[in-house]
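A closer look at the structure
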Amino acid sequence: MDKGFSQDFIEKLKQNNDIVTTISKYINVTRKGKTWWACCPFHFEKTPSFAINEIEQYYHCFGCGASGDVINFVCKYESLDFYDACKKLAEYANMELPEYHNDDNLIKLKKKRDRIYNLLVDAAKYYYGNLKKPEATPALEYLASRKLDMSIIKEYGIGYSIGWHDIVTHLKSLGYTEDEMIDAGVCDRYEGGKISDAYGKRIIFPIFNLMGNVVGFSGRVIGKADFAKYKNTAQTLVFDKSSLIYGINEIKKAKKQGVLKEIVIVEGQMDVISLYKSGVQNAVACMGTALTASHAKNLKRFADKVILCFDGDNAGKKATLRSIEILVNAGLLVYVVTIPDGKDPDEFVNAFGKSAWDEMLSNGLYWVEFLIKDFASNYDLSKPEQKTKFIADALNVIKSLGSESEQEIYLKMVQQMTNINISVLKSDLTKLGTQNVTQEDIVETVDNKINLKENSYVKSVKFIIASLLYKKDYAKLDDRIISNLYNSDYVKIYKYIENEYQNNRKPIVSKLFDMFDVENTSDIYDIVNYNFVAGDDNNKHFEDCLNILIKTGLSSQIDSLTAKLAKVSDNNERMEIMQEIKKLIAEKNNRGK
Ligand SMILES: [Zn+2]
């Protein structure tokens, strides 16, 4: 895969950045035997399942499956692209970065992106500086009414847009073009081609990504408005609202300081800031969009418990219900807090302070309980037909719980609410359960049958290639291996291994990370992380696997000849084909059943 640098440079870069040394710059690692271990930085965990293989120079997390070489680690940990990760590693190793050769379009795109980042910082500085101007009085009054002092304003880089055209003049004076201002989402173009500030006369909240770069803005109108209070940057090259989380940098800091226990998700960035001001460091908000699976994944890097704390109105309720599903599916422990009297978090913490806030959070409901109580509020449980509907809703949620004891806790809750005997509820639940399981079972059985034959072949290929890759003493090159590989990825690996063997070198496992996107190519991933079983007679196993490869090859030859036979009418030719098939069948039978 051409990634813009020579293979030579990449090799040297990796040699000069030992993976253990590099990763320990970011997280704590400890050695146990041959392997180094750490708590995975890519998913939340308390006991280490993140392993670093020093000899082969790659990492692998047994919890979430993340794996890769040192470049991949830096890309992921720092949210950098390949080029920037190489640049960083070159700095660590005091190496000069060679010229970057890549697709012209890619280079252009990269330059464009860097310009946008710079433009956004300059715009943010300008908006912040505006607060000192006399035109900013309404903004300062508003910020004071929200009890935000200068230290918070500075911390969050809050600013103000004093007009519609001054930002254009300012950015032009710094050398930016109108197109760049539009691409960065700072300006809009109107009919007639004129451009103006996209956030004219609004309070400006810069939005940062995990790296701390400004990627966009959220602008709030002062006072009442007929249109939406907040306007966020539209999708740009650097702004993707489906994964951005407001406040994620504070979460990152809290995690580093070891003070992060859980994450609170609130509705707006104003809530995040007010809470922070009151000493609550763990609140985040989505940017004018519903929570997505990609938000959930980002949150899970930092904590395994989240508390949903949306506004008490209908919209907030809907958002809560939608978010529960996404967060639970991401494997997070989800709690729900409803603020009394329809207050929003900002109002609540301003009125009652941090200790009241903490207490309210500690009384949050586990999502199952929240849903059951919410269902109950939709029905009049004194009416039999409504009671039945409520039970059906509740059982559907309880069914999704993993353990029977957990199910029992909530069945008891439903029992108390409905006065229906728990054994009756249990039997209803079982009926719900079995109906679903049988359908899934049938599908699974069919799938397994289809895959069975292929599996023994694929398993054999994986064992053979992994053995060769790790240069096991029983593993030998054999032309019959490559002639029976039907997957171009396997062929590619085999050729690489063959070349290394012929030059008396041991293949470098982490090389595969250059050749493939290992994490997303499960077959390759299985080979890199192959689990060799100690004590097996590997000599014999290698022979057996090779035999399976050859037999599979013979079978497919027989199949294609049989198909050909059906199309041929010339008798002589038919005879020849039949002879050939006979020969292949005999050969296959010689190799055992
Ligand atoms: Zn992990």
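Rules behind the numbers
Every residue gets a number counted from 1 within its own chain, in the order that chain's sequence is written. With pLDDT at 70 or above as the cut-off, local features in this predicted model cover only qualifying residues; side-chain atom pairs require 80 or more to be listed or tallied, and sums for whole chains, interfaces and linings still use all residues. Each side-chain value is derived from all of the structure's non-hydrogen atoms; neither hydrogens nor water enter the calculation. At least two DSSP bridges between two strands are needed for those strands to be called paired. Only DSSP runs of H or I with at least four residues qualify as helices, and only runs of E with at least two residues qualify as strands; both kinds are numbered from the N terminus onward. We call two residues in contact whenever any of their non-hydrogen atoms come within 4.5 Å of each other. Where helices are involved, their axes are fitted lines through C-alpha atoms of the stretch in contact, as for all axes, and angles between N-to-C directions lie from 0 to 180°. Residue ranges for the domains originate in an automatic or database domain assignment. The term buried area refers to how much accessible surface (probe radius 1.4 Å) is lost by two components on association, counted for both of them together. Salt bridges are defined as contacts in which a side-chain nitrogen from Lys or Arg sits within 4 Å of a carboxyl oxygen from Asp or Glu. Any nitrogen, oxygen or sulfur atom within 2.8 Å of a metal ion counts as a donor, with the limit raised to 3.2 Å for Na, K and Ca, and since water is left out, coordination shells can look unfinished. In this scheme the shape depends on donor count and angles: four donors with every angle between 85 and 135 degrees give tetrahedral, four or six donors with opposite pairs above 155 degrees and others between 65 and 115 give square planar or octahedral in turn, and any other case is irregular. Buried means the residue's accessible area, taken with a 1.4 Å probe over protein chains only, is under 20% of the maximum for its type, while exposed means over 50%, and partly exposed covers the values in between. Roughly parallel refers to an angle under 35 degrees, roughly antiparallel to one over 145, roughly perpendicular to one between 65 and 115, and oblique to any angle outside these ranges. Helix crossings get a hand from a simple test, with the near helix turned counterclockwise from the far one by less than a right angle marking a left-handed crossing and a clockwise turn marking a right-handed one. Polarity classes work like this: nonpolar for Ala, Val, Leu, Ile, Met, Phe, Trp, Tyr, Cys and Pro, charged for Asp, Glu, Lys and Arg, and polar for all others, with Gly in that last group. Ring pairs are drawn from Phe, Tyr and Trp, using the six-membered ring of Trp, whenever the two centres fall within 6.5 Å, and their geometry is named by plane angle: stacked under 30 degrees, edge-to-face over 60, tilted for the rest. pLDDT expresses, on a scale from 0 to 100, how confident the predictor is about each individual residue. Given the number of residues in a helix, its expected span is that number minus one, multiplied by 1.5 Å.

Once that is clear, we can look at the sheet that holds strand 1 (residues 30–32). An order of 1-2-3-4-5 is seen for the five strands of this open sheet, with the pairing classed as antiparallel. Because the sheet does not close on itself, it has two edges, and the strands there are strand 1 and strand 5 (67–68). With two bridges connecting them, strand 4 (residues 58–61) and strand 5 associate as antiparallel partners. By the bridge assignment, Tyr59 is partnered in strand 5 with Gly68. Here helix 3 (residues 70–77) sits on the sheet and contacts strand 3 (50–53), strand 4 and strand 5; the angle it forms with strand 4, its principal contact strand, is near 55°.

With that out of the way, let us pick up the domain arrangement of the protein chain. Along its sequence, the protein chain is organised into domain 1 (7–92), domain 2 (105–232), domain 3 (245–363) and domain 4 (448–590). Inter-centroid distance (C-alpha atoms) of domain 2 to domain 3 is 25 Å. Each partner contributes to the interface: domain 2 provides 18 residues, whereas domain 3 provides 18 residues. It is Arg146, Tyr156 and Leu210 in domain 2 that bury the most area against domain 3; as a group they hold 41% of the surface buried on that side. If you look at where domain 2 meets domain 3, you find two salt bridges.

What follows covers the coordination of the zinc ion. Protein-derived coordination of the zinc ion comes from Cys40 (SG), His43 (ND1), Cys61 (SG) and Cys64 (SG), at a distance range of 2.1 to 2.3 Å. Angles of 103 to 119° at the metal separate the four donor atoms of the zinc ion, which places the site in the tetrahedral class. Site description for the zinc ion: donor spacing in sequence, C-x2-H-x17-C-x2-C. Taken together, the positions of Cys40 in the loop between strand 2 (35–38) and strand 3 and Cys61 in strand 4 put the pair 21 residues apart, joining distant regions of the chain. Judged by relative accessible area, which is 1%, Cys61 ranks as buried.

Looking now at the packing of helix 15 (residues 367–378) against helix 16 (residues 384–399). Where helix 15 contacts helix 16, the two axes come as close as 9 Å, and the packing angle between them is 165°. What the angle tells us is that helix 15 and helix 16 run roughly antiparallel. The way helix 15 lies across helix 16 gives a crossing that is right-handed. Residues Trp367, Val368, Leu371, Ile372, Phe375, Ala376 and Asn378 of helix 15 lie in contact with helix 16, whose contacting residues are Gln386, Phe390, Asp393, Ala394, Val397 and Ile398. Here the residues of the contact of helix 15 with helix 16 sort into ten nonpolar, two polar and one charged.

A separate point is the packing of aromatic side chains. In total, this model carries 27 aromatic pairs according to the counting rule given. Between Tyr26 and Tyr77 the ring centres are 4.8 Å apart and the planes differ by 50°, which places this aromatic pair in the tilted class. With Tyr26 in the loop between helix 2 (19–23) and strand 1 and Tyr77 in helix 3, the pair connects residues that are 51 residues apart, well separated along the chain. Exposure remark for Tyr26: the relative accessible area of 17% places this residue in the buried category. The exposure class assigned to Tyr77 is buried, which follows from its relative accessible area of 18%.

Our focus in this paragraph is the confidence of the model for the protein chain. Predicted confidence across the protein chain gives a mean pLDDT of 86, with 95% of residues reaching 70 or more. In this model residues 434–454 is a low-confidence stretch, pLDDT under 50, and it forms one contact with partners more than four residues away in sequence or in other chains.

Mapped onto the fold, Lys14 is located in helix 1 (residues 7–16). In this view, Lys14 contacts Gln57, Asp69, Val70, Ile71, Ser510 and Asp514; residues no more than four positions away in its chain are not counted.

Our focus in this paragraph is the pattern of salt bridges. Pairs can form between side chains of opposite charge once their charged atoms are near each other. Enumeration over the complete set of coordinates arrives at 31 salt bridges. A salt bridge links Lys112 to Asp183; the nearest nitrogen and oxygen atoms lie 3.5 Å apart. In this pair, Lys112 sits in helix 5 (residues 104–130) while Asp183 sits in helix 9 (residues 178–183), placing the two residues 71 residues apart along the sequence. Classification of Lys112 as partly exposed rests on a relative accessible area of 40%. A salt bridge links Glu178 to Lys172, with the nearest nitrogen and oxygen atoms 2.9 Å apart.

Here helix 13 (residues 314–329) contains 16 residues, and its C-alpha end-to-end distance of 23 Å stays within 8% of the 22 Å for a straight helix at 1.5 Å per residue. Within the span of helix 13, buried status applies to Gly316, Ala319, Thr320, Ser323, Ile324 and Leu327. Contacts from the buried residues of helix 13 go to strand 13 (263–266), helix 12 (293–300), strand 15 (305–308), strand 16 (333–336) and helix 15. Positive phi appears at Gly331, one or two residues downstream of helix 13, with a value of about 85°.

Taken in spatial order, the six strands make up an open sheet running 12-14-13-15-16-17, and their pairing is mixed. What marks the edges here is a single partner per strand, and that holds for strand 12 (245–246) and strand 17 (365–366). Relative to strand 14 (residues 283–286), strand 12 runs antiparallel, the two being bridged by two bridges. By the bridge assignment, Tyr246 is partnered in strand 14 with Ala285.

Our focus in this paragraph is unusual backbone geometry. Non-glycine residue Gln57 carries a positive phi angle of around 60°. Structurally, the position occupied by Gln57 is in the loop between strand 3 and strand 4. The phi torsion at Asn419 lies on the positive side, around 65°, for a residue other than glycine. Within the secondary structure, Asn419 sits in the loop between helix 17 (404–418) and helix 18 (422–469).

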